[in-house]
Amino acid sequence: MASEVVRYKPGEAIRWLETGSEKIRKGALQKAQSVLRREGARSIGRDVREVAGALFGAGSAAMADLAHRQASASEYVLGDAHFEIVRPTGNRRVTYAEVKKIKLEGDRAQFELIHGSVSIKPFAHLVSGRVRVPIGWTRNNVEVPYELLIEELAARCDIEVEVE
């Protein structure tokens, strides 16, 4: 009898990328508008700095939007004999028997396969002071820690994870 399919999606914390991009975009727009209206003490140098800051802010907001969209459209689907990596750019199916070795370096897991390799890394990190933690997953709609996906894949592949 086939077991239930398990889906790992980026955790709910990924939504803050979207919120952050909106705030950055609004700040960039305000900077650009202040230059156009020539508000406050103005000089050519200050105008150039303000425009450069606005362009940088708009680019940062676009990168945050892209990261959020990619993460939202990505997932790992674990079946009985294989796992599938679903990304906006395409899907990849890997049978558990194909996995020869799993190495964990920091937050990045490298799966060495019979032909090629696959990497799993966090979509984003939570940062508080000097502490940097990868965001976790939503496993079948339940929040779980980041490492659980790698541990579950290792168990299904019947391989020990090598920590470097």
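Residues numbered from 1 in each chain as written. Predicted model: local features only at pLDDT ≥ 70, side-chain atom pairs only at ≥ 80, totals over all residues. Heavy atoms only, no water.

Participant: So what's going on with the nonpolar core? Residues and values would help.
Facilitator: Ranked by size, the top nonpolar core spans 25 residues in total, and within it Leu78, Val99, Phe111 and Ile120 carry the most contacts. When residues of this core are assigned to their parent elements, the largest contribution, five residues, is made by helix α3 (residues 147-157). For Phe111, the residues in contact, after removing those within four places along its chain, are Val99, Lys101, Ile102, Gly116, Ser117, Val118, Ile120 and Leu153. (Core = buried A, V, L, I, M, F, W, Y, C linked by side-chain atoms within 4.5 Å. Buried < 20%, exposed > 50% of the residue type's maximum accessible area, 1.4 Å probe, protein only. Helix = DSSP H or I, 4+ residues; strand = E, 2+ residues; numbered from the N terminus. Contact = heavy atoms within 4.5 Å.)

Participant: An account of the pairing of strand β1 (residues 6-10) is requested, with residue identities and associated values reported.
Facilitator: Sheet analysis places β1 next to strand β2 (residues 75-78), joined by three bridges and oriented antiparallel. Across the sheet, Tyr8 pairs through a bridge with Tyr76, a residue of β2. With three bridges connecting them, β1 and strand β10 (residues 137-139) associate as antiparallel partners. Paired with Lys9 across the two strands is Thr138, which belongs to β10. (Pairing = 2+ DSSP bridges.)

Participant: How would you summarise the pattern of salt bridges if you had to cite specific residues and measurements?
Facilitator: Within this structure, the stated rule accounts for five salt bridges. Ionic pairing is found between Glu84 and Arg93, a salt bridge with its closest N-O pair at 3.6 Å. The class for Glu84 is buried, based on a relative accessible area of 18%. Notably, a salt bridge pairs Glu152 with Arg139, separated by 2.9 Å at the nearest N-O pair. With Glu152 in helix α3 and Arg139 in strand β10, the pair connects residues that are 13 residues apart, well separated along the chain. A relative accessible area of 26% means that Arg139 is categorised as partly exposed. Among the charged side chains, a network of salt bridges with common partners joins Arg139, Glu152 and Arg156. (Salt bridge = Lys/Arg side-chain N within 4 Å of Asp/Glu carboxyl O.)

Participant: Describe the pairing of strand β5 (residues 99-105), naming the residues involved and giving the relevant values.
Facilitator: In this structure, β5 lies alongside strand β6 (residues 108-113), joined through six bridges in antiparallel fashion. Opposite Leu104, over in β6, you have Ala109 as the bridge partner. Linking β5 to β6, which pair antiparallel, is a turn of two residues; within it Gly106 sits at a positive phi near 65°.

Participant: Explain the environment of Leu78 to me, using residue names and the numbers behind them.
Facilitator: Looking at the secondary structure, you find Leu78 in strand β2. Given a relative accessible area of 0%, Leu78 falls into the buried group. Between the C-alpha atoms of Leu78 and Arg156, which are 78 residues apart in sequence, the distance is 9.1 Å.

Participant: So what about a nonpolar patch on the surface? Which residues, and what values?
Facilitator: Residues Leu126, Val131 and Val133 make up a contiguous nonpolar surface patch of roughly 250 Å² in combined accessible area. Judged by its relative accessible area of 48%, Leu126 falls in the partly exposed class. (Patch = residues over 30% accessible without salt bridge, like charges linked within 9 Å, V, L, I, M, F, W, Y side chains within 5 Å. Areas by Shrake-Rupley, 256 points an atom, 1.4 Å probe, with all protein chains shown as cover.)

Participant: Outline the sheet that holds β6, supporting the account with residue identities and numerical values.
Facilitator: Note on sheets: strands pair through backbone hydrogen bonds, and any given pair is parallel or antiparallel. Taken together, the four strands give an open sheet; going across it, the order is β7-β6-β5-β12, and neighbouring strands pair in mixed fashion. This sheet does not close on itself; its edge strands, each paired only once, are β7 (117-120) and β12 (161-163). With direction set aside, neighbouring strand axes in the sheet form an average angle of 20°. Sheet contacts for α3: β5, β6, β7 and β12; angle to β5, the most-contacted strand, approximately 155°. (Axes fitted to C-alpha atoms, helices over the stretch in contact; angles between N-to-C directions.)

Participant: Just give me the short version of the packing of aromatic side chains, but keep the residues and values in it.
Facilitator: For the coordinates displayed, the defined rule picks out six aromatic pairs. Ring centres 6.4 Å apart and planes at 85° place the aromatic pair Tyr8 and Trp137 in the edge-to-face group. Of the two residues, Tyr8 sits in strand β1 while Trp137 sits in strand β10, which places them 129 residues apart along the sequence. Between the aromatic rings of Tyr76 and Trp137, the centroid separation amounts to 5.5 Å while the plane-to-plane angle is 85°, which identifies the pairing as edge-to-face. Residue Tyr76 is located in strand β2, and its partner Trp137 is located in strand β10; the two are separated by 61 residues in the primary sequence. Note on accessibility: Tyr76 and Trp137 belong to one class, buried. Put simply, the rings of Tyr8, Tyr76, Phe123, Trp137 and Tyr146 pair up and form one aromatic cluster. (Phe/Tyr/Trp six-rings, centres within 6.5 Å; stacked < 30°, edge-to-face > 60°.)

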